[in-house]
Amino acid sequence: MEKALRIKVGLASCGIAAGGLDVLEKVEAFLKDHQVEAQLDHTGCAGMCYAEVLMEIEDEDFGSTMYGYLSADDVDDILHAHLIDKKPLPEHIVVSEKFGGSEKEIIDYQTRIVLRNCGVIDPESIDEYISRGGYEALKKTLTDLSPFDVIEEIKQSGLRGRGGGGFPTGIKWELTYKEQSDKKYIICNADEGDPGAFMDRSVLEGDPHCVLEGMLIAGYAVGADEGYIYCRAEYPLAVKRLKLAIDKATERGFLGENILDSGFNFKLTVYEGAGAFVCGEETALIASIEGRRGMPRIRPPYPAQSGLWGKPTNNNNVETYANIAWIMRNGAKKYAKFGTEKSKGTKVFALTGKIKNGGLVEVPMGMTLRDVIYKVGGGILDDKKFKAVQLGGPSGGCIPESLLDTPVDYDSLVKTGAIMGSGGMVVMDETTCMVDMARFFLNFTQDESCGKCTFCRIGTKRMLEILNRITQGKGEEGDIEKLEELSVKIKKGSLCGLGQTAPNPVLTTIKYFRHEYETHIKDKTCPAGLCKDLIKYEIIEDKCIGCGACKRACPVDAIAGERKEVHIINQDTCIKCGACMTACKFDAVKKS
Ligand SMILES: Cc1cc2nc3c(=O)[nH]c(=O)nc-3n(C[C@H](O)[C@H](O)[C@H](O)COP(=O)(O)O)c2cc1C
Ligand code: SF4
Ligand code: SF4
Ligand code: SF4
């Protein structure tokens, strides 16, 4: 039975990393010491990763009150004030029905469809999922609708795949449905290899049943009786909660044989991938499940025609499936009211980098990048100047300030040279070097190339060599043109999306920040002061009082000088770590 007082502690990976388990222990101890009757639960990520640890108190006095930025030391004071004195501490409140809270506006800007249960329910409790309408959509589907009806509804909703490509989901289902076969499969792509992305992990950790329900509905629609969730093994909590959710759903008759007496059978297996980026590509993923090396193959045939073990297979991303039950319960029309003409619904973004409110947000498609970054994300960390935003991970590109009013939808973003991608949004400030940024992403794709195509394998290597030279001050006239030429050839000559999009971060940074490349090549300087080989730390004679703090901080003994005398940096020994600059209280160390 539910108790009148309920306390929830955020225990997704972000909450645990911030000390959530210590907070939970303190809450338990407080309730015991003060003999307070309460239901103590844990939830997944509420999205406000920057404000972890989060603790929500639901009671009759104040409704829902979310406290944030907590450490275990804060727990006693907060619980005492809230539960015993009945005077909650406003300075700790982040979102509250009664008190507003410091982060209330940020939540209000969002529309939570995919994240509807994340941070709200206990992800390990099927009853909580059911209490919020969970498995209602499955019941309705199996009882009232034909596979054709379901496909029509998804088509009408305008939902497009959230794994990066944006292919219309209803059409993909229809293609699999139309194939004649004794056996069909459903796959959920939870590989999520993009640097800076954690949307899928958070959904799986926070609301695993909604993904299962989406897959079940897809299975019924296309005529499949078996499914796989391909999740990288580096997501142990997601894997654990998925397996638990499968067991519980099977116990309740939502999975297995003759589901809800409908005659529909469906079996689900979690397959743990070894964490290779290329295994997120659907044909490589299928090869990996079959026990072969994860290498992409030429399409067609598409997985809808010949997928897992040669059978018709529908593959969708985690977020795509997480939308399905909501659409089936609330109707395609309601869903299609959110978003733009060709990009319906909402999109979850993992906001990272130099942003104040880093975390997970869900916004209606069509909101401008400026609003996502400044209103939802709270603006740039330390109020520094915005420089660019990187969208779409290594397949995407960097968008400059002049294009910040671009709406977040598939087609508008492609026009900038970036892509929507799966939802990684990395914000960069004035201290970011754009050449180095392009080098970082190319280094990643180069490393992750499966090596099948010459252009992808060797072309990206040559591009990386050029970028390395430029950031080391060894750039030459003509390097930019060589990068552009190689980019075109790699895009054309590569078999899969990895190679076809690998040059994008380089091309967009050349397009919008060409002057930074030129400065590195011609003047041998890095305008952002980031490329180590192009910077120098020096001590300003007039300012140095000889306190010795820099000398003590230097990890490689590169600083010489007696007490009360001007100190000097040995440039041959210096590894350019910047520790001396941080240690000097007299602004006597300069970086040039
Ligand atoms: C190199 C590479 C990596 C990919 N990684 C992922 C991934 O981690 N998750 C994902 O859903 N799609 C990924 N994709 C896209 C998938 O191939 C596929 O288009 C997608 O899973 C389809 O689902 P959707 O229609 O729901 O978007 C990747 C594609 C490429 C080329
Ligand atoms: S483009 Fe690159 S990752 Fe894709 S198949 Fe070719 S070599 Fe492998
Ligand atoms: S810390 Fe600054 S003032 Fe002190 S010795 Fe070093 S440079 Fe000079
Ligand atoms: S930058 Fe680092 S290595 Fe160089 S002098 Fe300063 S503290 Fe030493």
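The structure under discussion appears in the preceding block.
One structure accompanies this document, and this report is about it.

About the thresholds
- Residues numbered from 1 in each chain as written.
- Chains lettered and ligands numbered in written order.
- Predicted model: local features only at pLDDT ≥ 70, side-chain atom pairs only at ≥ 80, totals over all residues.
- Heavy atoms only, no water.
- Helix = DSSP H or I, 4+ residues; strand = E, 2+ residues; numbered from the N terminus.
- Rg over C-alpha atoms; globule rule 2.2 N^0.38 Å.
- Buried < 20%, exposed > 50% of the residue type's maximum accessible area, 1.4 Å probe, protein only.
- Core = buried A, V, L, I, M, F, W, Y, C linked by side-chain atoms within 4.5 Å.
- Contact = heavy atoms within 4.5 Å.
- Near = heavy atom within 4 Å.
- Polar contact = N/O pair within 3.5 Å; in protein donor to acceptor, adjacent residues only side chain to side chain.
- Areas by Shrake-Rupley, 256 points an atom, 1.4 Å probe, with all protein chains shown as cover.
- Pairing = 2+ DSSP bridges.
- Axes fitted to C-alpha atoms, helices over the stretch in contact; angles between N-to-C directions.
- Patch = residues over 30% accessible without salt bridge, like charges linked within 9 Å, V, L, I, M, F, W, Y side chains within 5 Å.
- Salt bridge = Lys/Arg side-chain N within 4 Å of Asp/Glu carboxyl O.
- Phe/Tyr/Trp six-rings, centres within 6.5 Å; stacked < 30°, edge-to-face > 60°.
- Lys NZ or Arg CZ within 6 Å of the ring centre and 35° of its normal.
- Lys, Arg positive; Asp, Glu negative; His and termini not counted.
- Charge placed at Lys NZ, Arg CZ, Asp CG, Glu CD.

1. Some words on the overall build of the protein chain
Then comes step 1: For the protein chain, the helix and strand inventory stands at 23 helices and 18 strands.
Then comes step 2: Compactness check: the protein chain gives a C-alpha radius of gyration of 26 Å against a globular reference of 25 Å for 592 residues, within 12% of the reference.
Then comes step 3: Along the first, second and third principal axes, the C-alpha atoms of the protein chain reach 85 × 70 × 40 Å.
Then comes step 4: For the protein chain, the residues scored as buried account for 57% of the 592 residues in total.

2. Examining the nonpolar core
Then comes step 1: Counting residues in hydrophobic clusters, the biggest one holds 63 residues, and the most contacted among them are Tyr135, Trp173, Val211, Leu212 and Phe266.
Then comes step 2: Considering each element in turn, this core owes the most residues, ten residues, to helix H10 (residues 208–222).
Then comes step 3: Among residues more than four places away in sequence, those in contact with Leu212 are Tyr135, Ile229, Leu242, Ala245, Ile246, Ala249, Leu255 and Leu268.
Then comes step 4: Val94, Val363, Val408 and Val427 belong to the second largest nonpolar core, which has 33 residues in total.

3. With respect to the site of ligand 1
Then comes step 1: Among the 18 residues in the neighbourhood of ligand 1, the closest are listed as Gly163, Lys172, Glu192, Asn317 and Thr320.
Then comes step 2: Residue Arg162 places a main-chain N or O atom 3.4 Å away from an oxygen atom belonging to ligand 1.
Then comes step 3: Here Glu192 contributes a backbone N or O atom positioned 2.8 Å from an oxygen atom of ligand 1.
Then comes step 4: For ligand 1, whose accessible area on its own is 610 Å², the fraction buried by protein is 88%.
Then comes step 5: Elements represented by at least two residues in the shell around ligand 1 include exactly strand S9 (313–317) and helix H20 (497–501).

4. A short note on the sheet that holds strand S1 (residues 6–10)
Then comes step 1: Strand order in the open sheet formed by five strands is S2-S1-S3-S4-S5, and the pairing between neighbours is mixed. In this open sheet, the two strands that pair with only one neighbour each are strand S2 (39–43) and strand S5 (93–96). Across the sheet, the mean angle separating the axes of adjacent strands is 20° when strand polarity is ignored.
Then comes step 2: Pairing of strand S4 (residues 63–67) with S5 involves three bridges; the strand directions are antiparallel. Pairing of Thr65 across the sheet is with Ser96, part of S5.

5. Points about a nonpolar patch on the surface
Then comes step 1: On the surface, a cluster of nonpolar side chains totalling about 250 Å² of accessible area is made up of Phe167, Ile171 and Leu175.
Then comes step 2: Along the chain, the position of Ile171 falls in helix H8 (residues 169–178).
Then comes step 3: Judged by its relative accessible area of 35%, Ile171 falls in the partly exposed class.

6. Describing the environment of Glu192
Then comes step 1: Here Glu192 shows up in the loop between strand S6 (185–190) and helix H9 (199–206).
Then comes step 2: In contact with Glu192, not counting residues within four places along its chain, are Ala197, Phe198, Met199, Asp200, Arg201, Arg232 and Tyr235.
Then comes step 3: Separated by 3.0 Å, the side chain of Glu192 and the backbone nitrogen of Met199 make a polar contact.
Then comes step 4: Only 3.1 Å separates the side chain of Glu192 from the backbone nitrogen of Arg201, close enough to count as a polar contact.

7. Some points on the packing of aromatic side chains
Then comes step 1: Taken as a whole and assessed by the stated rule, the structure comprises 14 aromatic pairs.
Then comes step 2: Grouping aromatic residues by their ring pairs yields a cluster made of Tyr129, Tyr135 and Phe254.
Then comes step 3: Over the ring of Tyr235 we find Arg201; its NZ or CZ atom is 5.8 Å from the centre of that ring.
Then comes step 4: The side chain of Lys347 reaches across the aromatic face of Phe349, ending 5.7 Å from its centre.

8. A closer look at a negative patch on the surface
Then comes step 1: Residues Asp33, Asp73, Asp76 and Asp77 make up a contiguous surface patch of negative charge.
Then comes step 2: Within the fold, Asp73 resides in helix H3 (residues 72–84).
Then comes step 3: Judged by its relative accessible area of 64%, Asp73 is exposed.

9. Side note on the pattern of salt bridges
Then comes step 1: Scanning all chains against the criterion turns up 43 salt bridges.
Then comes step 2: Two residues, Glu136 and Lys139, come together in a salt bridge whose shortest N-O distance is 3.9 Å. Note that Glu136 and Lys139 are positioned in helix H6 (residues 136–144) at a spacing of three residues, about one turn of the helix.
Then comes step 3: A relative accessible area of 33% places Lys139 in the partly exposed class.
Then comes step 4: Between Asp411 and Arg160 there is a salt bridge whose closest N-O contact spans 3.8 Å. One end of the pair, Asp411, is in helix H16 (residues 410–416); the other, Arg160, is in the loop between helix H7 (147–157) and H8, and 251 residues separate them in sequence.
Then comes step 5: For Asp411, a relative accessible area of 33% gives the class partly exposed.

10. Focus: the pairing of S9
Then comes step 1: Extensive coverage of S9 is indicated by the burial of five of its five residues.
Then comes step 2: Because side chains alternate across S9, one face comprises the buried residues Thr313, Asn315 and Asn317, and the other comprises Asn314 and Asn316, equally buried.
Then comes step 3: By the bridge criterion, five bridges tie S6 to S9 in an arrangement that is parallel. Bridge assignment links Tyr185 to a residue of S9, and that residue is Thr313.

11. Notes on the pairing of strand S12 (residues 386–391)
Then comes step 1: For S12, a buried count of six out of six residues is recorded, marking the element as mostly surrounded by other parts of the structure.
Then comes step 2: Of the pairings in the sheet, the one linking S12 to strand S14 (residues 424–429) comprises five bridges and is antiparallel in character. Along S14, the bridge assignment pairs Ala388 with Met428.
Then comes step 3: Sheet analysis places S12 next to strand S13 (residues 397–400), joined by four bridges and oriented antiparallel. By the bridge assignment for S13, Val389 is matched with Ile399.
Then comes step 4: Once S12 ends, the chain turns through five residues before running back antiparallel as S13, passing Gly392 with a positive phi of about 85°.

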